[in-house]
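Inside the fold
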Amino acid sequence: MLSDEKQRHPFLEGLSKHRGAPPTVVVIFGASGDLTARKLVPAIYNLSLDNLLPPDFYLVGFGRKPLADNAFREAVTEAVRSYSRREFQPEIWKRVGGNALYHQGAYDEPAPYRSLRERIEAVEAEIGREVQVVFYISTPPSVFKPILENLGASGLARRHLHTPFASKVVIEKPFGSDLESARELNRVITEQFDERQVYRIDHYLGKETVQDLLVQRFANSIFEPLWNRRYVECVQITVAEDLGVGSRGSYYEQSGAMRDMIQNHTMQLLSLIAMEPPVSLDPEDIRDEKVKLLKAIQPLDLDENASDVVRAQYSEGLIGGRKVLGYTDEEGVASNSATETYTALRLSINNWRWAGVPFYMRSGKRMARRVSEIAVQFKRPPGILFSDAERFDLASNTMVIQIQPDEGTTLLLNSKIPGLETRTQPVKMHFRYRTTYGSNTPEAYERLILDAMVGDSTLFIRGDETEASWYLITPILEHWRKLGRRGMASYVAGSWGPLASERLLWDNRHEWRRAGP
Ligand code: NDP
Ligand code: BG6
């Protein structure tokens, strides 16, 4: 039974509808990893705290090194203590953490998968019921393929297929490193699983504010009539981080901002803000619209016109008053690295709604502040009444959806300054999650793990969707590969990016917003 306070919490009302997962075993591949400890296990703990796990729930960690069940239980308990957003309650965790099992084996050998199957069957025999298994692949991508193939060969992938207990597979990012590798990964997946069993993660889709995009756009009638080329001047999407690459330098060297953030998270934001209304909230209807939108984006031909994209690396600078290294001095990064830590793009969407409206996107590490937002800037009214710039300080009406932090929506309007003279200034109308709903919102992974368990794929990426995004991004990466470091701009850590990214907007007489509320 939930406490009164939890029953009233508005975020949980949504989640409670999702009860009803069958008995479930979640198997995490890469169970000793950073993501498991920081995000996955704390998410499972918070689901158990909210009473959202099925009564028969088991956690199995799969990894290469030998580890006793007890040692694994201690490790997951420590992860909850260290990283849960809410306080550790041993009584609540005992049922899940105390039952956790560890399964040792190489990812690319068949034997551990056969023994895993036997262990799962033993669980079924013990509880006297069938269980569904959710395989969560949280390893580096180099072993995605052997894991998927062994799940197929051992029969684990097709256990109880066409029943409510069919297996599911959740796959972490990165989903390929270009169009060809994404296609190959999709091929391997669909050889072993039906698409309905597959949950490709983009954790941005699990964020409350990203889910709210659909609601703000389609549950209100005042925005949609304006949401088109007649009224919208431009759209700016910013996903800025103040963190650097930290200990992930060697991973990041193979990735860069385009693969790490733009191909997935930022493209998802773009799809949701620009797509047509889906015919229903069915996952396939929503994903159909996102794919249609991605297909309408004009591919960039950088051999013809390289000025639609900017890439840059951060140099030494100050973050929060503290001196930080430049990218090429970070651990695991080559001194002559050609990996971008910042990318900005200007995109056009060739459809009836958006033709002629520039969509600007930027994402970078070590920027001035951590902020993700979508700003829809509306056209100015005709300059008939308030054209005297001395008296009338007018801003473009802008709707800013702040994804994080300090989640909320701000509307920028122009208002008369009180007084006997008619003078104007821009003012802001704020809606903030913190003040309306309180601050303890579920983490993205809580929602995503729950949705995978109950079989709701709305917040996951479909195979054709990831390919549509790679189709746009791959030629840019190929162009950069040919150039090496040539044309790589630089920005001081703690700034808003390189000058070149300002120029990206000048052609259209636009400028980047100073992101934030
Ligand atoms: P880790 O590097 O921590 O690796 C996870 C586990 O995989 C390791 O503990 C290890 O487990 C196993 N492993 C590591 N290297 C290899 C290798 N070369 N071959 C086989 N197994 C290996 O990864 P993370 O936990 O950081 O990330 C997991 C997945 O999640 C990745 O796909 C990553 O891109 C994605 N991700 C991670 C984020 C994060 O914040 N960490 C954020 C978003 C996505 P063992 O030795 O026990 O087998
Ligand atoms: C991950 C990227 O997908 O998203 C990281 O690999 C990045 O480099 C992270 O830091 C950002 O996620 P969030 O939720 O902190 O915005």
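Residues numbered from 1 in each chain as written. Chains lettered and ligands numbered in written order. Predicted model: local features only at pLDDT ≥ 70, side-chain atom pairs only at ≥ 80, totals over all residues. Heavy atoms only, no water.

**Some remarks on the overall build of the protein chain**
Heads up, the rule is: By the criteria applied, helices consist of DSSP H or I runs no shorter than four residues and strands consist of E runs no shorter than two, each listed in order from the N terminus. All radius of gyration figures rest on C-alpha atoms, and the globule criterion is 2.2 Å times the number of residues raised to 0.38. Categorising residues by exposure relies on relative accessible area from a 1.4 Å probe, with only protein chains included: less than 20% of the type maximum marks a residue as buried, more than 50% marks it as exposed, and the intermediate range marks it as partly exposed. In this description, contact between two residues means that some pair of their heavy atoms is separated by no more than 4.5 Å. Only the protein chains shown count as cover for residues, and the accessible areas themselves come from Shrake-Rupley with a 1.4 Å probe. In summary, the charge assignment counts Lys and Arg as positive and Asp and Glu as negative, without counting His or the chain termini. The atom standing in for a charge is NZ when the residue is Lys, CZ when it is Arg, CG when it is Asp and CD when it is Glu.
Along the backbone of the protein chain there are 16 helices and 17 strands. Over its C-alpha trace the protein chain gives a radius of gyration of 24 Å, about what one expects of a compact globule, namely 24 Å for 517 residues. Seen along its three principal axes, the alpha-carbon backbone of the protein chain occupies a region of about 80 × 55 × 45 Å. For the protein chain, the residues scored as buried account for 54% of the 517 residues in total. Pairs at least 24 residues apart make up 78% of the contacts formed inside the protein chain by residues separated by at least 6 positions. By element, 50% of the accessible surface of the protein chain is carried by carbon and sulfur atoms, the whole surface being about 23100 Å². Each charge class in the protein chain was averaged separately, 65 positive and 68 negative side chains, and the resulting centres sit 3 Å apart.

**Digging into the site of ligand 1**
What counts, and what does not: Consider each residue's heavy atoms; a residue with any of them within 4 Å of a molecule or strand counts as near. Counted as a polar contact is a pair of N or O atoms within 3.5 Å, where, for protein atoms, one must be capable of donating a hydrogen and the other of accepting one, and residues adjacent in sequence contribute only when both atoms are in side chains. Under the scheme applied here, ten amino acids are nonpolar (Ala, Val, Leu, Ile, Met, Phe, Trp, Tyr, Cys and Pro), four are charged (Asp, Glu, Lys and Arg), and all others, including Gly, are polar.
Looking at ligand 1, there are 17 residues lining it, with Ser-32, Asp-34, Arg-38, Tyr-107 and Lys-173 nearest. Contacts to ligand 1 include Asp-34, whose side-chain N or O atom sits 2.7 Å from a nitrogen atom. Within the backbone of Thr-139, a nitrogen or oxygen atom sits 2.9 Å from an oxygen atom of ligand 1. Summarising the interface, the protein chains cover 76% of the accessible area of ligand 1, which totals 870 Å² for the free molecule. By residue number, the principal contributor to the shell around ligand 1 is helix H3 (residues 34-49), which donates 3 residues. The residue makeup of the shell around ligand 1, split by class, is 6 nonpolar, 6 polar and 5 charged.

**Remarks on the packing of helix H12 (residues 283-296) against helix H15 (residues 463-483)**
Any two packed helices are characterised by how steeply their axes cross, that is the angle between the axes, and by the distance between the axes. This is how the line gets drawn: Helix axes are fitted only over the stretch in contact, all axes being lines through C-alpha atoms; the angle between N-to-C directions runs from 0 to 180 degrees. When describing relative orientation, an angle under 35 degrees is termed roughly parallel and one over 145 degrees roughly antiparallel, while 65 to 115 degrees is termed roughly perpendicular and anything else oblique. Here a crossing is called left-handed whenever its near helix is offset anticlockwise from the far helix by less than a right angle, and right-handed whenever the offset is clockwise.
Their axes nearest at 9 Å, the elements H12 and H15 cross at an angle of 15 degrees. In terms of orientation, H12 lies roughly parallel with respect to H15. In this structure, the crossing between H12 and H15 has a hand that is left-handed. In contact with Arg-287, Lys-290, Val-291 and Leu-294 of H12, H15 contributes Asp-464, Glu-465, Ala-468, Ser-469 and Leu-472.

**Quick word on the site of ligand 2**
Around ligand 2, the structure places 13 residues, and the nearest of them are Tyr-204, Lys-207, Glu-241, Asp-260 and His-265. The contact in question runs from an oxygen atom of ligand 2 to an N or O atom on the side chain of Glu-241, over 2.5 Å. Coverage of ligand 2 by the protein chains reaches 81% of its 400 Å² of free accessible surface. Top element by residues in the shell around ligand 2 is helix H11 (residues 256-274). It accounts for 3 residues. Among the residues making up the shell around ligand 2, the classes are represented as 3 nonpolar, 3 polar and 7 charged.

**Things to note about the pairing of strand S12 (residues 359-364)**
The condition that has to hold: Any two strands are treated as partners once DSSP identifies two or more bridges connecting them.
Here S12 lies mainly inside the structure; 6 of its 6 residues are buried. By the alternation rule, side chains of S12 split into Phe-359, Met-361 and Ser-363 and Tyr-360, Arg-362 and Gly-364, which are all buried. The pairing of strand S11 (residues 342-347) with S12 spans 6 bridges and is classified as antiparallel. Its bridge partner lying in S12, Leu-345 is registered against Met-361.

**Some words on the side chain of Gln-263**
Mapped onto the elements of the fold, Gln-263 is located in helix H11. With relative accessibility at 6%, the residue Gln-263 sits in the buried group. Aside from chain neighbours lying at most four places away, what touches Gln-263 is Met-258, Thr-466, Ser-469, Trp-470 and Ile-473.

**Comments concerning the pairing of S11**
In terms of burial, S11 is largely enclosed, as 6 of its 6 residues are buried. Pairing of strand S8 (residues 309-315) with S11, which is carried by 4 bridges, proceeds in the antiparallel orientation. Directly across from Val-309, in S11, lies its bridge partner Leu-345.

**Let's talk about the sheet that holds strand S5 (residues 168-171)**
With parallel pairing, the 6 strands of this open sheet are ordered in space as S3-S2-S1-S4-S5-S6. Two strands in the sheet have a free side with no partner beyond their single neighbour: strand S3 (101-104) and strand S6 (198-200). Sheet twist, expressed as the average angle between the axes of neighbouring strands with direction ignored, equals 20 degrees.

**Regarding a nonpolar patch on the surface**
Heads up, the condition is: Patch membership requires more than 30% relative accessible area and the absence of a salt bridge. Residues of like charge join within 9 Å; the nonpolar side chains Val, Leu, Ile, Met, Phe, Trp and Tyr join within 5 Å. A side-chain nitrogen of Lys or Arg and a carboxyl oxygen of Asp or Glu constitute a salt bridge if their distance falls within 4 Å.
Residues Ile-384, Leu-385 and Phe-386 make up a contiguous nonpolar surface patch of roughly 360 Å² in combined accessible area. Within the fold, Leu-385 resides in the loop between strand S13 (371-378) and strand S14 (398-404).

**Side note on the confidence of the model for the protein chain**
The predicted coordinates should not be examined in detail at positions where pLDDT is low. Note the cut-off: The predictor attaches a confidence to each residue, and that confidence, scored 0 to 100, is pLDDT.
Mean pLDDT over the protein chain works out to 93, with 96% of the residues at or above the 70 mark. Segment residues 1-15: pLDDT under 50, and 25 contacts once partners within four positions in sequence are set aside and those in other chains are kept.

**Focus: H15**
Applicable threshold: Here a helix's expected span is defined as the number of its residues, less one, multiplied by 1.5 Å. Each residue is assigned a bend, namely the angle between axes fitted to the seven residues that terminate at it and the seven residues that start at it.
In a regular helix each residue adds 1.5 Å, so 21 residues correspond to 30 Å; H15 covers 30 Å between its end C-alpha atoms and thus fits that length. Maximal helix bending in H15 amounts to about 35 degrees, located at Ile-473; proline Pro-475 follows within four positions. Immediately downstream of H15, the backbone of Gly-484 shows phi near 60 degrees, a positive value.

**Regarding the environment of Gly-152**
Here Gly-152 is to be found in helix H7 (residues 144-153). Along the backbone, Gly-152 and Ala-338 are 186 residues apart, and their C-alpha atoms lie at a distance of 38 Å. Once residues lying within four places of it in the same chain are set aside, the contact partners of Gly-152 are Ala-157 and Gln-192.

**Topic: helix H9 (residues 208-218)**
Most of H9 is tucked away: 8 of the 11 residues are buried. Burial in H9 covers these residues: Thr-209, Val-210, Gln-211, Asp-212, Leu-213, Leu-214, Gln-216 and Arg-217.

**Section: the nonpolar core**
Soluble, globular proteins show a tendency: their nonpolar side chains are buried together. As a reminder, the rule being used: Nonpolar core, defined: a set of buried Ala, Val, Leu, Ile, Met, Phe, Trp, Tyr and Cys residues in which side-chain atoms within 4.5 Å join the residues together.
Core analysis: the largest hydrophobic core is formed by 121 residues, its most contacted members being Phe-29, Leu-270 and Phe-359. Considering each element in turn, this core owes the most residues, 9 residues, to H11. The residues touching Leu-270, leaving out its near neighbours within four places in the chain, are Ile-237, Leu-293, Ile-297, Leu-347, Ile-349, Phe-359 and Met-361. Cys-234, Ala-257, Val-310 and Trp-512 belong to the second-largest nonpolar core, a separate cluster that totals 25 residues.

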